[in-house]
Amino acid sequence: AQSVTQPDARVTVSEGASLQLRCKYSYSATPYLFWYVQYPRQGLQLLLKYYSGDPVVQGVNSFEAEFSKSNSSFHLQKASVHWSDSAVYFCALSPGAGNTGKLIFGLGTTLQVQP
Amino acid sequence: EAAVTQSPRNKVTVTGGNVTLSCRQTNSHNYMYWYRQDTGHGLRLIHYSYGAGNLQIGDVPDGYKATRTTQEDFFLLLELASPSQTSLYFCASGLGSSQNTLYFGAGTRLSVL
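All values derive from a computational prediction rather than experimental measurement. (Residues numbered from 1 in each chain as written. Chains lettered and ligands numbered in written order. Predicted model: local features only at pLDDT ≥ 70, side-chain atom pairs only at ≥ 80, totals over all residues. Heavy atoms only, no water.)

Colleague: Honestly, the nonpolar core in this entry has me stumped. Any pointers?
Modeller: The nonpolar side chains of soluble globular proteins are, as a tendency, buried together. Grouped together as the largest cluster of nonpolar side chains are 27 residues, with contacts concentrated most on A:Leu19, A:Trp35, A:Leu47, A:Leu48, A:Phe74, A:Leu76 and A:Tyr89. Put simply, the parts of the chain that give this core at least two residues each are strand E2 (10–14), strand E3 (19–21), strand E5 (32–38), strand E6 (44–50), strand E8 (64–68), strand E9 (73–78), strand E10 (87–94) and strand E12 (109–114) of chain A. Among the elements that make up this core, the one with the highest residue count is E10(A) (4 residues). Excluding its chain neighbours within four sequence positions, the residues that come into contact with A:Leu76 are A:Leu19, A:Gln20, A:Leu21, A:Trp35, A:Leu47, A:Leu48, A:Phe63, A:Glu64, A:Ala65 and A:Tyr89. Counting 19 residues, the second largest nonpolar core, distinct from the first, contains A:Tyr36, A:Ala92, B:Tyr33 and B:Ala92. (Core = buried A, V, L, I, M, F, W, Y, C linked by side-chain atoms within 4.5 Å. Buried < 20%, exposed > 50% of the residue type's maximum accessible area, 1.4 Å probe, protein only. Helix = DSSP H or I, 4+ residues; strand = E, 2+ residues; numbered from the N terminus. Contact = heavy atoms within 4.5 Å.)

Take a look at the structure:
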């Protein structure tokens, strides 16, 4: 079965600290993987995506993620967080060829950045 | 700039009421989607469409109808609303391939009393 697991419901870090948000997926082949961010009272926005090539992908606002096939993971990272990064972060999976663009989402991780 | 607009932003109705949520996209995308977001469940796909007149069943379709009247407009209908349908509803559009980005509206918060 296809699924996405975000093991941390909530993460709190201090401003300027580094960040890792974890994402594990279950899929029989290599899926297309995404990270979306949801700021308060807004819809989801794409941070970055991966579907082939270099396993480290760069996204907006200095976020990056690393794909690991052996670990079935796609963790999101940032070297130094800012208070404006406080939001809900969703990892998502899109199955392979022929898919209709549907996404399977994790439950999300709420990031709180403390001043 | 890609744009997906949902209306209303907030809606309160009573059990058994009739509700229509509207979504318009100006991205020229073929695919449109309705998701609901609930604590403990993340986002779940209700219905989607790949063009005017088309409707596809999502993962949690029970109690919902949808209609795609034009390429731009996609509506979600709750004909006999129940408290279990209290949720935050998102509309999204996309090109329909596995690697393409979905563009989301700002959401409609629905309360069924």
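Colleague: Just to check I follow, could you spell out the pattern of salt bridges for this structure?
Modeller: Any two side chains of opposite charge can pair, on the condition that their charged atoms come close. All names here are of chain B. Counted under the stated rule, the structure contains 6 salt bridges over all chains. We note a salt bridge from lysine 65 to glutamate 79, for which the minimum N-O separation is 3.1 Å. With lysine 65 in strand E7 (residues 65–68) and glutamate 79 in the loop between strand E8 (73–78) and strand E9 (87–94), this pair connects stretches of sequence that are 14 residues apart. Counted as one network, the salt bridges with shared partners bring together Arg36, Asp38 and Arg44. (Salt bridge = Lys/Arg side-chain N within 4 Å of Asp/Glu carboxyl O.)

Colleague: What should I look at first to understand the state of the cysteines in this one?
Modeller: What we call a disulfide is simply a covalent bond connecting the sulfur atoms of a pair of cysteines. Residue and element names in this part refer to chain A. All chains considered together, the criterion is met by 2 disulfides over all chains. With its sulfur 2.0 Å from that of its partner, cysteine 23 forms a disulfide with cysteine 91. An S-S torsion of about -65° defines the bridge between cysteine 23 and cysteine 91 as left-handed. Placement of the pair is cysteine 23 in the loop between E3 and strand E4 (24–26) and cysteine 91 in strand E10, with a sequence separation of 68 residues. Neither residue differs from the other here; cysteine 23 and cysteine 91 are each classed as buried. (Disulfide = S-S within 2.5 Å.)

Colleague: How should I be thinking about the interface of chain A and chain B in this particular structure?
Modeller: You'll often see interface size given as the accessible area lost when the parts meet. Tallying the contact residues gives 24 residues for chain A and 23 residues for chain B. Taken over both partners, the interface formed by chain A and chain B buries close to 1800 Å², and the fraction arising from carbon and sulfur atoms is 54%. Where chain A packs against chain B, one counts 0 salt bridges. Remark: the boundary between chain A and chain B carries 5 residue pairs in polar contact (both at pLDDT 80 or more). Counting residues per element, the ones that place at least two in the side of chain A that touches chain B are E5, E6 and E10 of chain A. In terms of residue class, the side of chain A that touches chain B is made up of 12 nonpolar, 9 polar and 3 charged. (Buried area = accessible area lost by both parts, 1.4 Å probe. Polar contact = N/O pair within 3.5 Å; in protein donor to acceptor, adjacent residues only side chain to side chain. Nonpolar A, V, L, I, M, F, W, Y, C, P; charged D, E, K, R; others polar.)

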